[in-house]
Amino acid sequence: MSLTPGPRPSAPAAARYRTEHDMLGDVEVPADAYYGAHTVRAVENFPLTGETLAARPHLIRALAAVKHAAAGANADVGALDPALASAIADACEGIRDGGLRDQFVVDLIQGGAGTSVNMNANEVIANRGLELLGRPRGEYSVLHPLDHVNLGQSTNDVYPTAVKLALDAHIAELLAALAGLREAFAAKAAEFADVLKIGRTQLQDAVPMTLGQEFGAFAATLAEDQQRLAEARVLLHELNLGGTAIGTGLNARPGYRERAVERLRRLTGIPTLISSPDLIEATQDVGVFVQLSGVLKRVAVKLSKICNDLRLLSSGPQAGLGEISLPARQAGSSIMPGKVNPVIPEAVNQIAFEIIGNDVTVTLAAEGGQLQLNAFEPVIYRSLSAGLGHLTAGIAVLTEHCVRGITVNRRRLAETVAASTGVVTALSPVLGYETACAIALEAHHTGRPALDLVRERELLTEARLRELTSPASLTGLPVP
């Protein structure tokens, strides 16, 4: 379907279009399109990213829910004919079920604070409603995109409300993905609970720990991120719906705002949706998006650090640490036979880099607002939705194609523990720091195991040495 109609040289060609009118004049619209004049102009004006609203089904469903709730509320307060409200509601239900997605054709980035998105939704819903009423598309004297579908609304309260609902859906998916990854790390922590290794600080040998403790820490940090993300999610539930253009409620009937939010609670199943106590402030403020972006960046940064650790622990395998093995997913080189790369963690690293950059975009867009409105919410939404979607997908891949298949090189770990001077730290309280340091330095310079030097100097009895260097003593785990 062509979105930007060309010249109409003949009558047969003319039949493929209908003529609609807006404040700038006549517009040729494809005859079979559910969108209308405003959408066609937006497609012509903003051929920017190649990403259209159709690529964001969460936002489409959210827009349909808002329009559905608004129609019902307008009928409740006597502002809209119940028959028209019913047609709008039925059209919205079909869209929420996935219908007509290809009709949402405007670019995600656009001028006008999201006006083109709102217009696209208004026109698609109006023309689908006309179809349900047995009327032809474009017969707006019966059901109008603005007079009826957009009644009591403005882009300035519809768009941010829909964006918040869409982001809420994205967060629900990310939380589920994080839970799956956390459980996978917890399972590996249990599997590796008895595997002793040397921990590292500043990439240098530190003191012993178990591989289970290392993987348990990964699970714990993800649990913290789940909690922070859930807290940020709740902040999205304060809405400015009913504030219309700047928060004064002009052109919305008394009682409309309360009824619209209540209907939206029922439609979305989100019981914590509330109306902002100050709609003027809520219409101009995008602080909730800055907060969410910061939390998303936190999740991305910490997950990227975990991926760095997985790549380090599996490095080599012969000439690196080689403590664990990641599942082999593909050939790692076009020239080096047998080489396998940690491609899954690398991919997640790159998603994290994207999210960190997106956070800068959100910050600048939020700061760039003026007076009663922020015009840059489209790029804020695009940045947040892209980051949430990509991170959710990346976590799913990391869980299934990497973490669940990690194996441990027990022999390698046993050798490094035996050779490391890190165990001397456990002897320092008994031997004293100076003596322990001398043992560690000699072991380092000679390559001899530190415990052999302790035995040779008869500094401790064998029983005491075994007690101080048992896995429980070295790692703080309970004595079995």
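Computed from a prediction, not measured in an experiment: that's the story for all the values here.

A closer look at the pairing of strand β2 (residues 25–30)
- Looking at chain direction, strand β1 (residues 17–22) and β2 are connected through six bridges and run antiparallel. Bridge pairing in β2 links T19 to E28.

Some remarks on the packing of aromatic side chains
- Scanning the entire structure with this criterion turns up four aromatic pairs.
- Cluster of aromatic residues (ring-pair linked, three or more members): F185, F192, F215 and F218.

Quick look at a nonpolar patch on the surface
- A cluster of nonpolar side chains, namely V301, F353 and I356, defines an oily patch on the protein surface of about 260 Å² accessible area.
- Position of V301 relative to the elements: it lies in helix α11 (residues 287–313).
- Judged by relative accessible area, which is 40%, V301 ranks as partly exposed.

As for the pairing of strand β4 (residues 204–210)
- Pairing between strand β3 (residues 196–201) and β4: five bridges, direction antiparallel. Residue pairing in the sheet places I198 in a bridge with P208 of β4.
- With antiparallel pairing between neighbouring strands as the criterion, β3 and β4 make up a hairpin whose turn holds two residues, including Q202 at a positive phi of roughly 55°.

Overview of unusual backbone geometry
- The omega angle of the peptide bond from G316 to P317 is 0°, so this bond is cis rather than trans.
- With respect to the helices and strands, the residue P317 is situated in the loop between α11 and β7 (324–325).
- A positive phi angle is found at L100, which is not glycine, with a value near 60°.
- Here L100 lies in the loop between α4 (82–96) and α5 (115–132).
- Of note, Q202 is a non-glycine position whose phi angle comes to about 55°, a positive value.
- With respect to the secondary-structure elements, Q202 resides in the loop between β3 and β4.
- According to the relative accessible area criterion, Q202 is exposed, its value standing at 76%.

A look at helix α8 (residues 211–235)
- Its 25 residues place the ends of α8 38 Å apart at the C-alpha level, agreeing with the 36 Å of an ideal helix rising 1.5 Å per residue.
- Taken together, the buried positions of α8 are occupied by L211, G212, E214, F215, F218, A219, T221, L222, D225, Q226, L229 and A232.

What to know about the nonpolar core
- Core analysis: the biggest nonpolar cluster contains 108 residues, and F185, F215 and L310 have the highest contact counts within it.
- Grouped together as the second largest cluster of nonpolar side chains are 16 residues, V423, A440, A443 and L453 included.

Section: the packing of helix α2 (residues 37–45) against α5
- The interhelical angle for the contact between α2 and α5, taken along N-to-C directions, is 140°, at an axis separation of 8 Å. Between α2 and α5 lies a crossing whose hand is left-handed. Contact residues: A37, H38, T39 and A42 in α2; S116, M119, N120 and E123 in α5.
- Classifying every residue of the contact of α2 with α5 gives three nonpolar, four polar and one charged.

Brief notes about the environment of A64
- Mapped onto the elements, A64 comes out in helix α3 (residues 57–76).
- A relative accessible area of 2% places A64 in the buried class.
- Not counting residues up to four positions away in its chain, the partners in contact with A64 are C92, I95 and R96.

Quick word on the side chain of N349
- Among the structural elements, N349 can be located in helix α12 (residues 343–367).
- On the accessibility criterion, N349 (3% relative accessible area) is buried.
- Within the local environment of N349, its side chain forms a polar contact with the side chain of N308, the two groups lying 3.2 Å apart.
- Sequence-distant contacts of N349, defined by excluding residues within four places in its chain, comprise S304, C307, N308 and R311.

Calculation notes
Residues numbered from 1 in each chain as written. Predicted model: local features only at pLDDT ≥ 70, side-chain atom pairs only at ≥ 80, totals over all residues. Heavy atoms only, no water. Pairing = 2+ DSSP bridges. Helix = DSSP H or I, 4+ residues; strand = E, 2+ residues; numbered from the N terminus. Phe/Tyr/Trp six-rings, centres within 6.5 Å; stacked < 30°, edge-to-face > 60°. Patch = residues over 30% accessible without salt bridge, like charges linked within 9 Å, V, L, I, M, F, W, Y side chains within 5 Å. Areas by Shrake-Rupley, 256 points an atom, 1.4 Å probe, with all protein chains shown as cover. Salt bridge = Lys/Arg side-chain N within 4 Å of Asp/Glu carboxyl O. Buried < 20%, exposed > 50% of the residue type's maximum accessible area, 1.4 Å probe, protein only. Expected span 1.5 Å × (residues − 1). Core = buried A, V, L, I, M, F, W, Y, C linked by side-chain atoms within 4.5 Å. Axes fitted to C-alpha atoms, helices over the stretch in contact; angles between N-to-C directions. Left-handed = near helix turned anticlockwise from the far one by under 90°. Contact = heavy atoms within 4.5 Å. Nonpolar A, V, L, I, M, F, W, Y, C, P; charged D, E, K, R; others polar. Polar contact = N/O pair within 3.5 Å; in protein donor to acceptor, adjacent residues only side chain to side chain.

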